[in-house]
Amino acid sequence: AVLPGATELVLMEAVDNHEERMTLDQFLAFAEQYLEGGEEAGGQLIDQAFMPRIVEGEIRVLFVGRQPIEIVHKKPRRGGLSATLKSGAGYTRYE
C-alpha cells in the first residue's frame, strides 16, 4: 500500500527516546540529509522493524576470535525503546 504524504508519523529518537510527530512528506524531506551524495559519500538510511520485546532488553556476546569474552544485557530505561547508554539504558555485564 502507498501512504499519502500527509500521513502522520509518530517517531521516537533512538538516542534520548524523545517523541516527534511529522507527516510522511516532512520525514522524507528531513531524511534527505542522510542520503546526500549517495553511497559514495556514505549516505545511508536504515529501516529497522520495530521489536516490541525490546523492553526486555537485548543480549550482546562479545568475542575475540572464537572465544566469548563478555555477555552484556542492555535494557532500555523505563518507558524507553533504545538500549544505548546515552539513552539511559542499563547495562549488566557478565564475564
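The following refers to the structure shown.

Rules behind the numbers
Residues numbered from 1 in each chain as written. Predicted model: local features only at pLDDT ≥ 70, side-chain atom pairs only at ≥ 80, totals over all residues. Heavy atoms only, no water. Helix = DSSP H or I, 4+ residues; strand = E, 2+ residues; numbered from the N terminus. Buried < 20%, exposed > 50% of the residue type's maximum accessible area, 1.4 Å probe, protein only. Contact = heavy atoms within 4.5 Å. Areas by Shrake-Rupley, 256 points an atom, 1.4 Å probe, with all protein chains shown as cover. Lys, Arg positive; Asp, Glu negative; His and termini not counted. Charge placed at Lys NZ, Arg CZ, Asp CG, Glu CD. Pairing = 2+ DSSP bridges. Axes fitted to C-alpha atoms, helices over the stretch in contact; angles between N-to-C directions. Patch = residues over 30% accessible without salt bridge, like charges linked within 9 Å, V, L, I, M, F, W, Y side chains within 5 Å. Salt bridge = Lys/Arg side-chain N within 4 Å of Asp/Glu carboxyl O. Phe/Tyr/Trp six-rings, centres within 6.5 Å; stacked < 30°, edge-to-face > 60°.

1. Observations concerning the overall build of the protein chain
- For the protein chain, the helix and strand inventory stands at one helix and five strands.
- Listing every helix and strand of the protein chain by position from the N terminus yields β-β-α-β-β-β.
- Projecting the C-alpha coordinates of the protein chain onto the three principal axes gives extents of approximately 50 × 35 × 25 Å.
- Put simply, the protein chain has 95 residues, and 17% of those count as buried.
- Within the protein chain, contacts between residues separated by at least 24 positions form 19% of all contacts whose residues are at least 6 apart in sequence.
- Total accessible area on the protein chain is roughly 7,800 Å²; 55% of this is exposed by carbon and sulfur atoms.
- Computed over 10 positive and 15 negative side-chain charges, the separation of the two mean positions in the protein chain equals 13 Å.

2. Remarks on the side chain of E70
- Within the secondary structure layout, E70 lies in strand 4 (residues 67–75).
- Ignoring sequence-local partners within four residues, the contact set of E70 consists of R60, V61, L62, R93 and Y94.

3. What about the sheet that holds strand 4?
- An order of 3-4-5 is seen for the three strands of this open sheet, with the pairing classed as antiparallel. Either end of the sheet is taken by a strand with one partner, and the two such strands are strand 3 (58–64) and strand 5 (90–94). Strand-to-strand twist in this sheet, taken as the mean axis angle between neighbours without regard to direction, amounts to 25 degrees.
- Note: strand 3 against strand 4, seven bridges, orientation antiparallel. Residue pairing across strands places E58 opposite K74, the latter belonging to strand 4.

4. Observations regarding a nonpolar patch on the surface
- Side chains of I59, V61, F63, I71 and Y94 sit close together on the surface and give an oily, nonpolar patch of about 490 Å² of accessible area.
- With three residues, the top contributor of residues to the nonpolar patch is strand 3.
- Mapped onto the secondary structure, V61 falls in strand 3.
- Note on V61: relative accessible area 42%, which makes it partly exposed.

5. Notes on the pattern of salt bridges
- Going through the model one piece at a time under the given rule, you end up with six salt bridges.
- Taking the shortest distance from any N to any O, the salt bridge between R21 and E19 comes out at 3.5 Å.
- R93 serves as the salt-bridge partner of E70, at 3.4 Å between the closest nitrogen and oxygen. On the criterion of sequence distance, the pair formed by E70 in strand 4 and R93 in strand 5 is long-range, its members being 23 residues apart.

6. Some words on the packing of aromatic side chains
- Within the structure shown, the criterion is met by one aromatic pair.
- Ring centres of F30 and Y34 lie 5.8 Å apart, and the angle between their planes is 70 degrees; this geometry places the pair in the edge-to-face category.
- Overall, the relative accessible area of 42% leaves F30 in the partly exposed class.
- Look at Y34 and you get partly exposed, because its relative accessible area is 41%.

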